Amino acid sequence: MTVVSDVKATVLELRREVCALHEQLTRYQLVVWTAGNVSARVPGHDLLVIKPSGVSYDELTPDNMVVCDLDGRVVEGEHAPSSDTEAQAYVYRELPHVGGVVHTHSTYATAWAARGEPVPCVLTMGADEFGGDIPVGPFAIIGDDSIGRGIVETIRGSRSPAVLMQNHGVFTVGPTAKAAVKAAVMCEDVARTVHIARQLGTPLPIAQDQIDSLHARYQNVYGQR
Ligand SMILES: [Zn+2]
């Protein structure tokens, strides 16, 4: 089998996977209209697969996903790629361990972003998934690589696979696109519960050594082996 046909098979599979993962964004009510997207790196190649811009979630098909290079230029596809492609391409260029990126404006997490306030680690689930507070990244607007830079700088300084970009919304990363989607779902759930806890009183902190051991256990031991 040639290298070229290898890439074709991988891209075909990722078109299906990335398309299907968008159903999870609507299922968990993380998005409205067309404002949110999933992308995946094509392993071993400087390529990514991402949602087309402005196409509603119920019209997404594997065929209308867009393949771009890691400078955000379209390599294969009929549609323009998501307007977040440049930011996500920057993340793939800078963080080689990242295989998937998700962006949403999910309500509760974005409410924390609007205040520029990290979601404190006051739930075991927060310790498990995020290893501490869910951090806030800088205010940055679309049009250059400032969103990408803000995501990468914030994620590099944290264990969290999620970053709340100030006044904007959530970006999550993972070793796979599915893992990044999971982080986006968990981020919204934690943000919502901590928001409600705050309304009722003062959430109790979790000691740092407990956060560390919960995070280590969840990342290394939890789940099916
Ligand atoms: Zn956005």
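Going by the structure above, here's the rest.
Predicted, not measured: the structure shown is a model, and the values here were computed from it.

Student: Before we move on, can you summarise the layout of surface pockets with the specific residues and values?
Tutor: Looking at the largest pocket, its volume works out to about 450 Å³. Looking at the lining of the largest pocket, the elements with two or more residues in it are α5 (146–156), β8 (169–174), α6 (177–200) and α7 (208–220). With four residues, the top contributor of residues to the lining of the largest pocket is α6. In terms of residue class, the lining of the largest pocket is made up of eleven nonpolar, five polar and four charged.

Student: Provide a residue-level description of the sheet that holds strand β3 (residues 66–69), including the pertinent values.
Tutor: The eight strands lie next to each other as β4-β3-β2-β1-β5-β8-β7-β6, forming an open sheet whose pairing is mixed. Looking at which strands have only one partner, the edges of the open sheet turn out to be β4 (74–76) and β6 (136–137). Summarising the sheet, strand β2 (residues 47–50) and β3 pair through four bridges and their orientation is antiparallel. Note that in β3 the partner of V49 across the bridge is V67. Across the sheet, α6 touches β1 (36–42), β5 (100–104), β7 (162–165) and β8, and the angle it forms with β8 is around 140 degrees.

Student: Can you lay out the pairing of β3 for me, pointing to particular residues and giving the numbers?
Tutor: Taking every second residue as pointing to the same face, both faces of β3 are buried, with V66 and C68 on one and V67 and D69 on the other. Looking at chain direction, β3 and β4 are connected through two bridges and run antiparallel. Within the sheet, the bridge partner assigned to C68 lies in β4 and is V74. Connecting β3 to the next strand, β4, in antiparallel fashion are four residues, including G72 with a positive phi near 85 degrees.

Each value, and the rule that gives it
Residues numbered from 1 in each chain as written. Predicted model: local features only at pLDDT ≥ 70, side-chain atom pairs only at ≥ 80, totals over all residues. Heavy atoms only, no water. 1 Å grid on protein atoms, 1.4 Å probe; cavity = no way out; pocket = protein on both sides within 12 Å on 5 of 7 lines; lining within 4 Å. Points joined across faces, edges and corners; volume = space filled by probe spheres on them. Helix = DSSP H or I, 4+ residues; strand = E, 2+ residues; numbered from the N terminus. Nonpolar A, V, L, I, M, F, W, Y, C, P; charged D, E, K, R; others polar. Pairing = 2+ DSSP bridges. Contact = heavy atoms within 4.5 Å. Axes fitted to C-alpha atoms, helices over the stretch in contact; angles between N-to-C directions. Buried < 20%, exposed > 50% of the residue type's maximum accessible area, 1.4 Å probe, protein only.

These figures come from the coordinates and say nothing about function on their own.
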